[in-house]
Amino acid sequence: MASVIRARIPDPIIGLVNRTGKLNSRRYDPRVPEHLPRGGWKIAHYGLMIPGLAEPFGFFDIIAVLGTAANVPIFAAPSLVRTTPQDSAWLLIGSGVSRDNFRPYSIADECEFVAETGTDAPQVDLSFGNALRMQRTRDRVQVSAVTDGLRAEIAARPTDVISHFVHMRGVYDHWSLLCEYDARFTSTATGEVLESSGLCTYEYARGRTDIPLPMYFFTYQILNIDATTQVLMVEVLGPLGLPVQQSVYVRRADSGTRVYTRGFTHVVTDELRAAQTPDGAWMTLPGQFHWRVLDDDGRELIDIDGTSNDDFAYGMAAGFAGSYEYTGRFEGRPISGRGYIEWIDRR
């Protein structure tokens with residue numbers, strides 16, 4: 001059903017709403033807006049995601065949302081608000097050893113946030129009680145996190161490769177920077193230590209709360225193909241399964257971002273289990289799934305078969321984040337590894 005509806009919507013019409021086309025051909029400009037909630041922008045999201053970690057860690061992510069997206073179903077959990085919608089901050093420090101630590105915070109009482117951006121030298125400093133401090137400058141993202149099951153110290157170096165997922169002028173922006181990182185992860189339960197390095201992402205989004213965005217399904221997946229190549233997959237569905245976005249981003253440190261939508265396919269072939277979120281919603285998590293996309297000439301670009309590791313952690317807005325094992329092909333060669341997945345299904 002979704003593919004039939006999608007075929008009736010010309011890409012130029014979608015492009016009039018989500019104006020990311022030209023942005024994805026450019027390198028990162030440090031003057032791109034990146035600020036705390038202010039004015040009409042009542043919501044801000046900061047994130048750091050690392051795929052492909054060895055067991056028992058599996059993956060690592062920081063998903064921090066400042067403000068409450070009550071009018072966006074895939075990001076809304078208003079029943080979890082402790083004080084007021086605009087005083088609420090939501091934090092997940094997720095991994096295979098820290099799956100149950102999602103927590104809402106009071107911004108006024110428990111957090112300290114600073115963000116000075118829009119200049120040549122962005123400065124971001126976010127503190128969530130004693131659980132997380134994330135500091136960003138133009139050349140570095142420093143993370144110190146301590147939560148139930150996990151201690152993490154991460155130093156990430158942003159490249160100038162940026163991927164724009166959404167640019168709805170005056171309504172919603174969401175982008176991601178390709179980064180290189182070095183990290184030390186410690187399981188506080190067993191004392192096991194993992195030293196890791198490679199590619200990760202640093203992300204930012206901002207949005208309004210007075211304009212409804214009827215989005216009901218969301219998945220975002222990250223694969224590190226090799227030491228310099230990262231692939232991102234995004235699918236967002238609206239009412240009646242109407243595709244809002246179905247895209248694959250290929251980004252390389254030496255050549256920037258390319259976006260592919262032709263022949264996009266994503267199918268869940270085996271369900272894992274039904275899971276209930278803290279706000280009482282039920283959704284079925286994927287067990288096995290397949291996705292692919294073609295290049296601009298109609299040839300296969302990437303073809304992936306994934307199997308969930310069932311390490312989903314709640315806190316991806318109104319859904320879950322975790323890892324999966326994959327096999328497949330990329331640009332004609334076989335690939336395999338461990339990917340990162342976010343999954344929200346509020347249909």
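Residues numbered from 1 in each chain as written. Predicted model: local features only at pLDDT ≥ 70, side-chain atom pairs only at ≥ 80, totals over all residues. Heavy atoms only, no water.

**Digging into the overall build of the protein chain**
Assigned secondary structure in the protein chain consists of 3 helices and 21 strands. Since a compact globule built from 347 residues should have a radius of gyration of about 20 Å, the 19 Å found for the protein chain is in line with a globular shape. Buried positions account for 56% of the 347 residues belonging to the protein chain. Long-range contacts, defined here as pairs at least 24 residues apart, represent 56% of the contacts in the protein chain between residues at least 6 apart. A total accessible area of about 14400 Å² is found for the protein chain, and carbon and sulfur atoms account for 50% of it. For the protein chain, the centre of its 34 positive side-chain charges and the centre of its 42 negative side-chain charges are spaced 6 Å apart. (Helix = DSSP H or I, 4+ residues; strand = E, 2+ residues; numbered from the N terminus. Rg over C-alpha atoms; globule rule 2.2 N^0.38 Å. Buried < 20%, exposed > 50% of the residue type's maximum accessible area, 1.4 Å probe, protein only. Contact = heavy atoms within 4.5 Å. Areas by Shrake-Rupley, 256 points an atom, 1.4 Å probe, with all protein chains shown as cover. Lys, Arg positive; Asp, Glu negative; His and termini not counted. Charge placed at Lys NZ, Arg CZ, Asp CG, Glu CD.)

**Description of empty space enclosed by the protein**
The gaps left among the atoms become clear once a water-sized probe is rolled over them. With the rule as written, the count across this model stands at 1 cavity of 30 Å³ or more. What the largest cavity holds in volume is close to 370 Å³. Of all elements in the fold, only β1 (43–50), β2 (60–66), β10 (172–187), β11 (193–207) and β12 (217–224) reach the threshold of two or more residues within the lining of the largest cavity. (1 Å grid on protein atoms, 1.4 Å probe; cavity = no way out; pocket = protein on both sides within 12 Å on 5 of 7 lines; lining within 4 Å. Points joined across faces, edges and corners; volume = space filled by probe spheres on them.)

**Some thoughts on the nonpolar core**
Core analysis: the largest hydrophobic core is formed by 63 residues, its most contacted members being V248, W291 and I302. Top contributing element to this core by residue count: strand β13 (residues 229–237), with 6 residues. Ignoring any residue separated from it by four or fewer positions in sequence, one finds I302 in contact with L223, V231, V248, W291, R292, V293, R329, F330 and I335. Of all hydrophobic cores here, the second largest spans 42 residues; its members include L48, I50, F57 and F113. (Core = buried A, V, L, I, M, F, W, Y, C linked by side-chain atoms within 4.5 Å.)

**A few points about the environment of I62**
Among the secondary structure elements, I62 is positioned in strand β2. By relative accessible area, I62 is classed as buried at 0%. It is 9.2 Å that separates the C-alpha atoms of I62 and M316, two residues lying 254 residues apart in sequence. When residues no more than four places from it in sequence are discounted, the contact partners of I62 are Y46, G47, L48, M49, L91, L92, L132, M134 and V143.

**Some details on the state of the cysteines**
Applying the stated criterion across every chain, the model contains 0 disulfides. Of all cysteine sulfurs in the structure, the one in C179 sits closest to C200, which takes part in no disulfide; the separation is 4.7 Å. (Disulfide = S-S within 2.5 Å.)

**Quick look at the packing of aromatic side chains**
Applying the stated criterion across every chain yields a total of 18 aromatic pairs. With a centroid separation of 5.6 Å and an interplanar angle of 75°, the aromatic rings of Y314 and F320 are classed as edge-to-face. In this structure an aromatic cluster arises from ring pairing among Y28, Y46, W175, Y202 and Y204. The ring of W41 carries the charged tip of R206 above its face, separated from the ring centre by 3.9 Å. (Phe/Tyr/Trp six-rings, centres within 6.5 Å; stacked < 30°, edge-to-face > 60°. Lys NZ or Arg CZ within 6 Å of the ring centre and 35° of its normal.)

**Things to note about the pattern of salt bridges**
Across all of its chains, the model carries 26 salt bridges by this definition. Linked by salt bridges that have partners in common, D226, R252, E331 and R333 make up one network. (Salt bridge = Lys/Arg side-chain N within 4 Å of Asp/Glu carboxyl O.)

**Digging into the sheet that holds β2**
Adjacent strands of a sheet pair through backbone hydrogen bonds, lying either parallel or antiparallel. The sheet built from 11 strands is open, its strands ordered β4-β3-β2-β1-β11-β10-β9-β8-β7-β6-β5 with antiparallel pairing. The sheet is open, and its two edges are formed by β4 (103–106) and β5 (111–116), each paired on a single side. Ignoring which end each strand starts from, the neighbouring axes of this sheet average 15° apart. (Pairing = 2+ DSSP bridges. Axes fitted to C-alpha atoms, helices over the stretch in contact; angles between N-to-C directions.)

**Focus: the pairing of β1**
Counting buried positions along β1 yields 8 of 8 residues, so the element is predominantly enclosed. Covered by surrounding structure in β1 are I43, H45, G47 and M49 together with A44, Y46, L48 and I50, the residues of both alternating faces. By the bridge criterion, 7 bridges tie β1 to β11 in an arrangement that is antiparallel. For M49, the partnering residue across the bridge sits in β11 and is T201.

**Observations concerning unusual backbone geometry**
With an omega dihedral of 5°, the bond running from E55 to P56 counts as a cis peptide bond. Assignment of secondary structure puts P56 in the loop between β1 and β2. Backbone geometry at L240 places phi at a positive 60°, although glycine is not the residue there. Locating L240 in the fold gives a position in the loop between β13 and β14 (243–252).

**Digging into the side chain of T219**
Position of T219 relative to the elements: it lies in strand β12. Note on T219: relative accessible area 0%, which makes it buried. Side-chain polar atoms of T219 contact the backbone oxygen of E342, separated by 2.8 Å. Here T219 is in contact with M233, V234, E235, H266, I341, E342 and W343, once residues within four sequence places are set aside. (Polar contact = N/O pair within 3.5 Å; in protein donor to acceptor, adjacent residues only side chain to side chain.)

**What to know about the pairing of β13**
Working note: regular strand, side chains alternate between the two faces of the sheet. Of all 9 residues making up β13, 9 are buried, and the element is well covered by its neighbours. The alternating pattern of β13 places T229, V231, M233, E235 and L237 on one face and Q230, L232, V234 and V236 on the opposite face, and all of these are buried. With 8 bridges joining them, β12 and β13 adopt antiparallel strand pairing. Counted as the bridge partner of Q221 is M233 from β13. Remark: 4 residues form the turn of the hairpin made by β12 and β13, two consecutive strands paired antiparallel. The pairing of β13 with β14 spans 9 bridges and is classified as antiparallel. Directly across from Q230, in β14, lies its bridge partner R251. Linkage of β13 to β14, two consecutive antiparallel strands, is achieved through a turn of 5 residues, within which L240 is found at a positive phi near 60°.

Any functional reading would require information that these geometric values do not contain.
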